[in-house]
Amino acid sequence: MSEHTERTNKKVMIIVAHPDDADFMAAGTLAKWAKEGCSIVYLLCTSGDKGTSDPNMKPEELAVIREREQENACGVIGGEQVVFLRHADGMLQNTLSLRKDIVRQIRIHKPDVVICQDPTNRYGDSNINHPDHRAAGDTALDAIFPSARDYHMFPELVEDEGLLPHKVLEVYLSTREGNASVWIDITETIDIKVSALKQHASQVGTDAESLERLETRLKQRASDVGTPHAIKYAEAFKYIKLR
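Nothing here was measured: the structure is a model prediction, and the numbers come from that model.

Draft legend 1. Just the pairing of strand 3 (residues 81–87), in detail. In terms of burial, strand 3 is a largely internal element, five of the seven residues being buried. For the handedness criterion, the β-α-β arrangement of strand 2 (residues 39–46), helix 2 (residues 59–77) and strand 3 is classed as right-handed.

Now the structure itself:
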């Protein structure tokens, strides 16, 4: 499968652990779908307050910075809103509390499509996937099915908040290339992806050399993903069509 199905006017939610995760994973796809008329909502499990090697940077101050950066990036890709759950960065776990928080947002925003992290992606030849990424992906999938769909899961969401069940129709897992089943052509939005990542200055830097390296790396990665499928620049996902 080399391309996604028609996206016009669909509601899309991307669920990730940290600010910048969504943009590294899928900013090209999100920008493409926004141009096609989709509404895009970011759901962040944490605010990334541990994401610094500076001992003088207080986590609560970094959280404010990174939330602002994510909101700016959302604006660049044409997204509508960023929701922050503010669970503890670096200590995220697949708990019922986190699942309930995600279910609440799914029932509020009623996405047709969810993009999330692949919980089976544990390590590669030269990296270990962040445990928060795995926990966010695992909890997102548990929230999508069956919890957001089933009336009697978290009944207080219905009784106290009036949030009726909602069924997500499609899931895209940001996964390793070997597990992918769909490749989205982001050739026309690769520069938007680069611009979105540049908003995360606390993570990618602000000097010209750092930003040039970032752009080169992003385009090379997108080229590596797309070239075997006759696409100049692509993002790859494992696609699940729910029944």
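Draft legend 2. Region of the structure containing the pattern of salt bridges. In the structure shown here, the tally under the stated rule is 13 salt bridges. A salt bridge links R104 to D101, with the shortest nitrogen-to-oxygen separation between them at 3.1 Å. One end of the pair, R104, and the other, D101, are both in helix 3 (residues 96–109), three residues apart, so they sit about a helical turn from each other. Note on R104: relative accessible area 19%, which makes it buried. Relative accessible area serves as the criterion here: at 18%, D101 is assigned to the buried category. Its salt-bridge partner being R104, residue E161 comes within 2.9 Å of it at the nearest N-O pair. Linking E161 in the loop between helix 5 (155–159) and strand 5 (170–174) with R104 in helix 3, this pair joins segments that are 57 residues apart in sequence. Counted as one network, the salt bridges with shared partners bring together D191, K198, E215 and K219.

Draft legend 3. Highlighting the environment of A236. Relative to the helices and strands, A236 resides in strand 7 (residues 234–241). On the basis of relative accessible area, A236 is assigned to the buried category, the value being 9%. Each C-alpha atom of the pair A236 and A26 lies 8.7 Å from the other, and the pair is 210 residues apart in sequence.

Draft legend 4. Here's a closer look at the pairing of strand 5. Counting buried residues in strand 5 gives five out of five residues, a clear majority hidden from the surface. Of the two faces of strand 5, the one holding E170, Y172 and S174 and the one holding V171 and L173 are both buried throughout. With five bridges joining them, strand 4 (residues 113–117) and strand 5 adopt parallel strand pairing. Bridge assignment links I115 to a residue of strand 5, and that residue is Y172. In terms of strand pairing, strand 5 meets strand 7 through five bridges, oriented antiparallel. By the bridge assignment for strand 7, S174 is matched with F237.

What counts, and at which threshold
- Residues numbered from 1 in each chain as written.
- Predicted model: local features only at pLDDT ≥ 70, side-chain atom pairs only at ≥ 80, totals over all residues.
- Heavy atoms only, no water.
- Buried < 20%, exposed > 50% of the residue type's maximum accessible area, 1.4 Å probe, protein only.
- Helix = DSSP H or I, 4+ residues; strand = E, 2+ residues; numbered from the N terminus.
- Right-handed = clockwise from strand over helix to strand, strands pointing away.
- Salt bridge = Lys/Arg side-chain N within 4 Å of Asp/Glu carboxyl O.
- Pairing = 2+ DSSP bridges.

Any functional reading would require information that these geometric values do not contain.
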